[in-house]
Amino acid sequence: MKDLSLHVLDLAQNAISAVADLVAISINEDAVSDRLTILIEDNGKGMPPELLASVKDPFVTTRTSRRIGLGIPLMLAACRRCDGDLEIVSSLGSGTKLTAVFRYSHIDRAPIGNMAETLVTLILCGINEKGSVDFVYTHMLNGRTFVFDTREIKAVLGADVSLTEPEVLAWINDYIKEGLANLHGGVQ
Amino acid sequence: MKSIQELEEIRRRTLETINVRKDRSGTRVVVGMATCGIAAGARPVLLTIMDEVKKNSLADVIVAQTGCIGMCRLEPIVEVYRPGEEKVTYVKVNEGKAIRIVNEHIRQGKVVEEYTIGAEDK
Ligand SMILES: Nc1ncnc2c1ncn2[C@@H]1O[C@H](COP(=O)(O)OP(=O)(O)O)[C@@H](O)[C@H]1O
Ligand SMILES: [Mg+2]
């Protein structure tokens, strides 16, 4: 993957596949401790212990269209290349939590990439018969925080206007882009 | 700054047009968004399609995702389903190809043959 936002997109897709209705994504850039932490937590169906024990192995997947699972091993490799690691906690029926850690200043650490596009894509991908998956995205940079929550957007839109209306998605994309730009460049 | 007020205006505008488009049987555009697709560039393809649909006000087009289609080396893959027509599968799609697919196939009904899986196999 070219950047970390693509890994996040891919791993959050696992949560959607696991029929989560809420996925929390958080990114913490902390220059002081020189750590970049990415957390993806869902309330989906979780994994049985045997699967959890083997899921970092690329030859493990429950999908049927292809025999190799790649998403988790790719993220693990990216973390390990940067003096970090990937931890997965999961239990059947209550959900899954992935914590990916990188050394922030590591020369091989991929850039974070475009999180606005990742969120917009996830919102589109989270549409199902029952409605749509909710996402909470928290981005921390050296102690300052930006939060985006689809439940707040839904409250404004009401029941008749979908999150996936093209105009709404465009608004969300710009809103996140601006929020992150403020976090990075805004006044302290 | 993007404001919630703007979002409320979008809501109002959308509600005004929503009744007009109910029960129209539209075109479905599906993008493969598994690991292989994402790594090959499916995200910008999906968003480009959304963008073109919005620019051209193609209200009866549904854009959706699917998992791994099982042809990883041909990703990004885009499938177009038009009512009453056979499914068309486009392979190795990028942003430029996506724009042509929306404008020629979805808007005008002309399949972009050179990007289809049939052309790739030749
Ligand atoms: N958030 C999750 N909730 C439940 N199961 C998961 C989750 N993430 C991964 N899995 C399980 O781990 C397997 C391997 O995941 P991954 O490495 O992303 O490969 P793939 O998604 O291609 O199968 C998945 O097929 C799924 O069974
Ligand atoms: Mg996966």
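Residues numbered from 1 in each chain as written. Chains lettered and ligands numbered in written order. Predicted model: local features only at pLDDT ≥ 70, side-chain atom pairs only at ≥ 80, totals over all residues. Heavy atoms only, no water.

Enquirer: Help me understand the interface of chain A and chain B in this model?
Expert: Often the size quoted for an interface is simply the accessible area lost on bringing the parts together. Opposite the 38 residues of chain A that make contact, chain B presents 30 residues. Summed over both partners, the interface of chain A with chain B comes to about 3,100 Å²; 67% of that surface belongs to carbon and sulfur atoms. For chain A, the biggest contributors to the area lost against chain B are Val156, Glu167 and Trp171 of chain A; these three give 21% of the whole. For the pair chain A and chain B, the number of links is 3 salt bridges. Asp174 of chain A is the salt-bridge partner of Lys2 of chain B, the closest N and O atoms lying 3.8 Å from each other. Where chain A packs against chain B, one counts 10 residue pairs in polar contact (both at pLDDT 80 or more). Elements represented by at least two residues in the side of chain A that touches chain B include exactly helix 1 (4-17), helix 3 (71-81), helix 4 (115-125), helix 5 (150-157) and helix 6 (166-185) of chain A. Of the residues contributing to the side of chain A that touches chain B, the split by class is 18 nonpolar, 10 polar and 10 charged. (Contact = heavy atoms within 4.5 Å. Buried area = accessible area lost by both parts, 1.4 Å probe. Salt bridge = Lys/Arg side-chain N within 4 Å of Asp/Glu carboxyl O. Polar contact = N/O pair within 3.5 Å; in protein donor to acceptor, adjacent residues only side chain to side chain. Helix = DSSP H or I, 4+ residues; strand = E, 2+ residues; numbered from the N terminus. Nonpolar A, V, L, I, M, F, W, Y, C, P; charged D, E, K, R; others polar.)

Enquirer: It is not clear to me how the packing of aromatic side chains should be interpreted in this structure. Could you clarify?
Expert: For any two aromatic rings, the description comes down to two numbers: the centre-to-centre distance and the angle of the planes. Residues and elements named next belong to chain A. Taken as a whole, this structure holds 4 aromatic pairs over all chains when the rule is applied. For the pair Trp171 and Tyr175, a centre-to-centre distance of 4.9 Å together with 15° between the ring planes defines the contact as stacked. Highlighted residues: Trp171 and Tyr175, both in helix 6, separated by 4 residues, approximately one helical turn. For Trp171, a relative accessible area of 2% puts it in the buried group. Each member of the aromatic cluster is reached from another via a ring pair, and the members are Tyr137, Phe146, Phe148, Trp171 and Tyr175. (Phe/Tyr/Trp six-rings, centres within 6.5 Å; stacked < 30°, edge-to-face > 60°. Buried < 20%, exposed > 50% of the residue type's maximum accessible area, 1.4 Å probe, protein only.)

Enquirer: I'm lost on the environment of Gln5 of chain B in this one. Help?
Expert: The topology assignment puts Gln5 of chain B in helix 1 (residues 4-21). Residues Gln5 of chain B and Gln108 of chain B, spaced 103 residues apart in sequence, show a C-alpha to C-alpha distance of 36 Å.

Enquirer: I'm lost on the side chain of Thr138 of chain A in this one. Help?
Expert: Examined against the element boundaries, Thr138 of chain A turns out to sit in strand 7 (residues 134-141). Taking relative accessible area as the criterion, Thr138 of chain A reaches 18% and is therefore assigned buried.

Enquirer: Mind showing me how you'd approach the sheet that holds strand 3 (residues 85-91) of chain A here?
Expert: What links the strands of a sheet is backbone hydrogen bonding, and the strands pair in either a parallel or an antiparallel sense. All names here are of chain A. The 6 strands are arranged 3-4-2-1-7-8 in an open sheet whose pairing can be described as mixed. What marks the edges here is a single partner per strand, and that holds for strand 3 and strand 8 (144-149). Each strand axis lies, on average, 10° off the axis of its neighbour in the sheet, ignoring direction. On the sheet, helix 1 packs against strand 1 (22-30), strand 2 (35-42), strand 4 (95-103) and strand 7 and is oriented at approximately 20° with respect to strand 2. Contacts from helix 5 reach strand 1, strand 7 and strand 8 within the one sheet, and its direction differs from that of strand 8 by about 50°. (Pairing = 2+ DSSP bridges. Axes fitted to C-alpha atoms, helices over the stretch in contact; angles between N-to-C directions.)

Enquirer: Can you walk me through the environment of Leu47 of chain B in this structure?
Expert: Of note, Leu47 of chain B is situated in helix 3 (residues 42-55). Residues Leu47 of chain B and Leu58 of chain B, 11 residues apart in the sequence, show an inter-C-alpha distance of 15 Å. In this view, Leu47 of chain B contacts Glu117, Val120 and Thr121 of chain A; residues no more than four positions away in its chain are not counted.

Enquirer: Just to check I follow, could you spell out helix 3 of chain A for this structure?
Expert: In an α-helix there are 3.6 residues to a turn, and that puts residues three or four apart on one side. Here helix 3 of chain A has its buried residues at Gly71, Ile72, Pro73, Met75, Leu76, Ala78 and Cys79 of chain A. At its buried positions, helix 3 of chain A is contacted by helix 1, strand 2, strand 3 and strand 4 of chain A together with helix 2 (35-40) of chain B. Of the residues trailing helix 3 of chain A, Asp83 of chain A is marked for its positive phi of about 55°.

Enquirer: I tried to follow helix 4 of chain A on my own but got confused; where do I start?
Expert: Residues and elements named next belong to chain A. For helix 4, the tally of buried residues reaches 10 of 11 residues, placing the bulk of the element in the interior. Buried residues of helix 4: Met115, Ala116, Thr118, Leu119, Val120, Thr121, Leu122, Ile123, Leu124 and Cys125, and no others. At the N-terminal end of helix 4, a side-chain oxygen is found 3.2 Å from the backbone nitrogen of Ala116, two or three residues along, and the residue is Asn114.

Enquirer: Would you explain the environment of Tyr115 of chain B in this entry?
Expert: Residues and elements named next belong to chain B. Of note, Tyr115 is situated in the loop between helix 4 (95-106) and helix 5 (117-121). In the structure, Tyr115 is positioned 23 residues away from Lys92 in sequence and 7.8 Å away in space, judged by C-alpha atoms. Setting aside chain neighbours within four positions, we find Tyr115 in contact with Thr89, Tyr90, Val91, Lys97, Arg100 and Ile101. Of note is the side chain of Tyr115, whose polar atom sits 3.1 Å from the side chain of Arg100.

Enquirer: Would you take a moment to explain the pairing of strand 1 (residues 27-32) of chain B for this structure?
Expert: Where a strand is regular, its side chains alternate between the two sheet faces. Residue and element names in this part refer to chain B. Judged by how many residues are buried, strand 1 sits mostly within the fold: 5 of 6 residues are covered. Both strand 1 and strand 2 (residues 61-66) contribute to a ladder of 6 bridges, which runs parallel. Paired with Thr27 across the two strands is Val61, which belongs to strand 2. Pairing analysis gives 4 bridges linking strand 1 to strand 3 (residues 78-81), with the strands arranged antiparallel. In the sheet register, Val31 faces strand 3, and the bridge partner there is Val78.

Enquirer: Just checking my understanding: could you explain the side chain of His7 of chain A for this structure?
Expert: Residues and elements named next belong to chain A. If you trace the backbone, His7 turns up in helix 1. The exposure class of His7 is buried, given its relative accessible area of 6%. Once residues lying within four places of it in the same chain are set aside, the contact partners of His7 are Met1, Leu74, Met75 and Ala78.

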